[in-house]
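# What the coordinates show
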Amino acid sequence: MRITVTFIVCIAFSSCNPNWENEVVEEVLKMEEIYAETQRTGDFEKQGSLHSDEYSYIDVSGKKVTKEALDFRRDDDLMTSIGLITTEQDIIPLSPSLAISRGRQEGLSIYYGGIPRIEPTRYMAVWRKESEGWKILVDQVTPIINREISRPVIGKPENFHEFEGRFQLKTSHSLDVELKFVRDTLRLIIPKTLEEGIKFLPTYNNTYFSKERPWELKFHTTDSITLNSWGQLSNGIRIE
């Protein structure tokens, strides 16, 4: 049976200090505020000192960045976060020397001394208590994307009801869907799965758009359609 050193230390420490979890939460919360302040002020030296030597980062584009590469990036783009606000913070203590933190951040990011960028994100980080104190071992950020997109909506076509019926989409496994006119919208219904349906409104050239999701539904004829779901095209034909 393998027992890790961290586990042994945790048991020994917790037996002497039953409040170690609360202490970890308090300490990491303080470190999160210190780190956020380096982001607001652009104190890259202090920011870099809070990264473990083994640090790695997953940025908004999904790229893995090492400590050395991130230090170089910050020296190059001079990113600061004006008015940075952190909410929904959650600290999960794993041991007296290890914790996960996560939360939501909003603020105006400035690059190269003036180029603005607003992009609310969620972050997750692993903090480790080392000889010099708490440091970030790994972290990553995920942009919060508003998928409701505005499109011009034309008047209801006279032949709206002609588009109703059952269609089969040529997906990885053929999928039967139903198109139904409900309260001035065309609904794409998946029987027994999505009974309420996705609402579509007419935009142009027999193309319908959903504000709920970035989906488009195009009619080539009343019997032939293409569903564009997140950029992936699925052709379909009428079966009823």
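Note: the structure precedes this text.
Below is a short write-up of the structure. If you're wondering where the values come from, they're calculated on a predicted model, not measured in any experiment. (Residues numbered from 1 in each chain as written. Predicted model: local features only at pLDDT ≥ 70, side-chain atom pairs only at ≥ 80, totals over all residues. Heavy atoms only, no water.)

## Let's talk about the overall build of the protein
Helices and strands together make up the secondary structure of the protein, namely four helices and 15 strands. When the 240 residues of the protein are sorted by exposure, 38% land in the buried category. Long-range contacts, defined as pairs at least 24 residues apart, comprise 44% of the intrachain contacts of the protein with a sequence gap of at least 6. Accessible area for the protein stands at about 14800 Å²; split by element, carbon and sulfur atoms hold 53% of it. (Helix = DSSP H or I, 4+ residues; strand = E, 2+ residues; numbered from the N terminus. Buried < 20%, exposed > 50% of the residue type's maximum accessible area, 1.4 Å probe, protein only. Contact = heavy atoms within 4.5 Å. Areas by Shrake-Rupley, 256 points an atom, 1.4 Å probe, with all protein chains shown as cover.)

## Observations regarding the packing of aromatic side chains
For any pair of aromatic rings, geometry is given as the distance between the ring centres together with the angle between the planes. All told, the structure shown has four aromatic pairs when counted by the stated rule. Ring plane angle 80 degrees and centroid distance 5.8 Å describe the contact between F163 and Y208, whose orientation is recorded as edge-to-face. Separated by 45 residues along the polypeptide, F163 in the loop between β7 (133-143) and β8 (165-169) and Y208 in strand β12 (residues 207-210) bring together distant segments of the chain. Across this residue pair, the class does not change: F163 and Y208 are buried. (Phe/Tyr/Trp six-rings, centres within 6.5 Å; stacked < 30°, edge-to-face > 60°.)

## Looking at the pattern of salt bridges
According to the stated counting rule, one finds 17 salt bridges in the structure shown. Between R40 and E37 there is a salt bridge, with its nearest N and O atoms 2.9 Å apart. Placement of the pair is R40 and E37 together in helix α2 (residues 20-41), with a separation of three residues, close to one helical turn. When the shortest N-O distance is used, the salt bridge between R128 and E54 registers 2.8 Å. On the criterion of sequence distance, the pair formed by R128 in strand β6 (residues 121-130) and E54 in strand β1 (residues 51-58) is long-range, its members being 74 residues apart. One network of salt bridges, with partners in common, ties together E33, E37 and R40. (Salt bridge = Lys/Arg side-chain N within 4 Å of Asp/Glu carboxyl O.)

## Quick look at the environment of E33
For E33, the position within the fold is in helix α2. Through-space distance from the C-alpha of E33 to that of T86 is 8.8 Å; in sequence the pair is 53 residues apart.

## What about α2?
With 22 residues, α2 should cover 32 Å at 1.5 Å per step; its first-to-last C-alpha distance of 32 Å lies within 8% of that length. For α2, every residue scored as buried is listed here: W20, V24, V28, M31, E32, Y35, A36, T38 and Q39. Angular distribution of buried residues about the axis of α2 spans 150 degrees; they occupy a single face of the element. Projecting away from the buried face of α2 at angles above 90 degrees are the exposed residues E26 and K30. (Expected span 1.5 Å × (residues − 1). Arc of directions from axis to C-beta.)

## Description of the pairing of β7
Here β1 runs beside β7; their pairing, made up of four bridges, is parallel. Of the residues in β7, the one forming a bridge with I58 is Q140. When β6 meets β7, the two strands line up antiparallel, connected through ten bridges. Of the residues in β7, the one forming a bridge with R128 is K135. Counted along the chain from β6 to the antiparallel partner β7, the turn is two residues long. (Pairing = 2+ DSSP bridges.)

## As for the side chain of Q47
Following the sequence through the fold, Q47 ends up in helix α3 (residues 44-49). Among the polar contacts made by the side chain of Q47, one reaches the side chain of T38 at a distance of 3.3 Å. Apart from residues no more than four positions distant in its own chain, Q47 is found in contact with Y35, T38, Q39 and R74. (Polar contact = N/O pair within 3.5 Å; in protein donor to acceptor, adjacent residues only side chain to side chain.)

## Some words on helix α4 (residues 67-77)
In an α-helix, one turn spans 3.6 residues, which is why side chains three or four residues apart end up on the same side. Turning to α4, its buried residues number three or more, namely K67, L70, R74 and D77. All buried residues of α4 lie within an arc of 110 degrees about the axis, which places them on one face of the element. Residues E68, F72 and D75 are exposed on α4 and point more than 90 degrees away from its buried face. Its buried side turned inward, α4 meets α3, β1, β2 (64-66) and β4 (98-111). Downstream of α4 by a residue or two, L78 has a phi angle that is positive, lying close to 55 degrees.

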